[in-house]
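# Descriptive structure summary
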Amino acid sequence: MADSQIEAQIPGLRRYARALCAGDAAQADDLVQDCLERALSRWASWRGESELRLWLLAILRNLWLDEVRRRGARPDLVDVDDCPDSLAVPPSQGQALVLRDLAGALGRLAPEQREVLVLVGLEGLSYAQVAQVTGTPMGTVMSRLKRGRDRLAQLMREDGPALRRVK
Amino acid sequence: MSERLGDDELHAYVDGLLDQDGNDRVEAWLADNPDQAERVRLWQEHNDGLRRLFDPVLDEPIPARLLPAAIRSRSWRNRRLLALRVAAALALVLAGGGGGWWLRGQSSTEAQVAREALAAHVVYVADQRRPVEVPGSERDQMATWLSKRLGAKMAVPDLSASGYQLVGGRLLPAENGAAALYMYENSLGQRLTLYVRRAVDDGRKDLLFQGRDGTLAGVWTQGPFGCALSGPLPREDLEPLARLVWKQMGTARTS
């Protein structure tokens, strides 16, 4: 039965959505609701060809990207894969990770980088599974992961009060 | 000093995607490369931070609105709202319309059938739990039963080629005796009803229309019956469906 199978996936979907929305719980649950609605209406088209969890992650991800684009929340219109790597300077030793800063920095990442970091780092997907969920070639997934991680580190440094330059 | 490891391998290490040999190789190399070890440590810290930030969501109770049962009823309501919006738009069209084929204000047989049909449509289409007495799966028994009650043979038209499945039917009181009401539904949840009762064939070959509150009825007489197909559709969508029913009812009458 679709309902019990889908219900078992809801906590995981909520976590994923919460991370994509960088902690905005209301927006995240709206996304989950839209995702479940779409999944239930298309249940017949799933046919168990891919793992249920990956199918749902892909639906939610597409809805989220639609919304990001609709809101014009993209930081810029440059293809993120064409951006030059920012030079990753190792941060100072012993810097405490402030979770609030991490959520803030995550929200400032380009959506394409954010989703790869979340799928890999939080959802624990393999790179091949990320390619499947995002409909993106493996090479692109890898480059988004690398740039995303470097960018996240950079944003954390910029945001981190400990690293503010004292004049 | 060992050969420089690629970033691919470092990321795979952080993400736990290497086997034991791979892990050992990376760790040995990182021990000799503190700068790279610091990068890797940071990535691990960020992965760990993501889990610490968002794993607690897994233990939150699921909001009721996200449960599949709630989603199903909500999506049904959404489809109904969509139908109502279509109906509201249609009502505006009807208010401004009024060609010769409209029945507004007439007292003909067709106008009477249309009024009864629209009243029945509005009452039963809104009934989510028990819109019909006999389910569509018992099409033949229903046809036999209702033909008997109306005193003339009648087949149940098939609109599945147009996307409307038979929900079922029921018996109703009409001004001059019994009436049959068949209900159809498409995948968007839009419902049509076919209302049939005895009527004197006035020889008119027109399909006539009557609208009320966003529902349009296409009405005609054929043989011993007055018929009306009603639904939340504009005339250009309802008319071909009504003609299809008319044709199918005509075939049934001679059988």
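Residues numbered from 1 in each chain as written. Chains lettered and ligands numbered in written order. Predicted model: local features only at pLDDT ≥ 70, side-chain atom pairs only at ≥ 80, totals over all residues. Heavy atoms only, no water.

Looking now at the interface of chain B and chain A. At the junction of the two partners, chain B supplies 37 residues and chain A supplies 47 residues. Along the contact surface separating chain B from chain A lie eight salt bridges. Remark: the boundary between chain B and chain A carries 15 residue pairs in polar contact (both at pLDDT 80 or more). Those elements that place two or more of their residues in the side of chain B that touches chain A are α1 (7-14), α3 (34-54) and α4 (68-96) of chain B. (Contact = heavy atoms within 4.5 Å. Salt bridge = Lys/Arg side-chain N within 4 Å of Asp/Glu carboxyl O. Polar contact = N/O pair within 3.5 Å; in protein donor to acceptor, adjacent residues only side chain to side chain. Helix = DSSP H or I, 4+ residues; strand = E, 2+ residues; numbered from the N terminus.)

The next point concerns the environment of Asp-213 of chain B. Here Asp-213 of chain B lies in the loop between β5 (208-212) and β6 (215-222). Residues Asp-213 of chain B and Pro-232 of chain B lie 19 residues apart in sequence; the distance between their C-alpha atoms is 9.3 Å.

This paragraph deals with the sheet that holds β6 of chain B. All names here are of chain B. The seven strands are arranged β1-β2-β3-β4-β7-β6-β5 in an open sheet whose pairing can be described as antiparallel. With partners counted over all chains shown, the strands left at the sheet margins are β1 (134-135) and β5, one partner each. Relative to strand β3 (residues 177-185), strand β2 (residues 165-174) runs antiparallel, the two being bridged by nine bridges. Opposite Pro-173, over in β3, you have Ala-178 as the bridge partner. Against the sheet, helix α5 (residues 109-125) touches β2, β3, β4 (191-198), β5, β6 and β7 (225-231), its axis set at about 135° to β4. (Pairing = 2+ DSSP bridges. Axes fitted to C-alpha atoms, helices over the stretch in contact; angles between N-to-C directions.)

Right, let's talk about the pattern of salt bridges for a bit. Going through the model one piece at a time under the given rule, you end up with 21 salt bridges over all chains. Residue Asp-15 of chain B pairs with Arg-149 of chain A through a salt bridge whose shortest N-O separation is 2.6 Å. Of the two residues, Asp-15 of chain B is situated in the loop between α1 and α2 (20-32) and Arg-149 of chain A in helix α8 (residues 138-159); the pairing between them involves two chains. On the accessibility criterion, Asp-15 of chain B (15% relative accessible area) is buried. The exposure class of Arg-149 of chain A is buried, given its relative accessible area of 3%. Put simply, Glu-239 of chain B and Arg-235 of chain B hold a salt bridge, and the shortest N to O gap is 3.2 Å. Note that Glu-239 of chain B and Arg-235 of chain B are positioned in helix α7 (residues 235-254) at a spacing of four residues, about one turn of the helix. (Buried < 20%, exposed > 50% of the residue type's maximum accessible area, 1.4 Å probe, protein only.)

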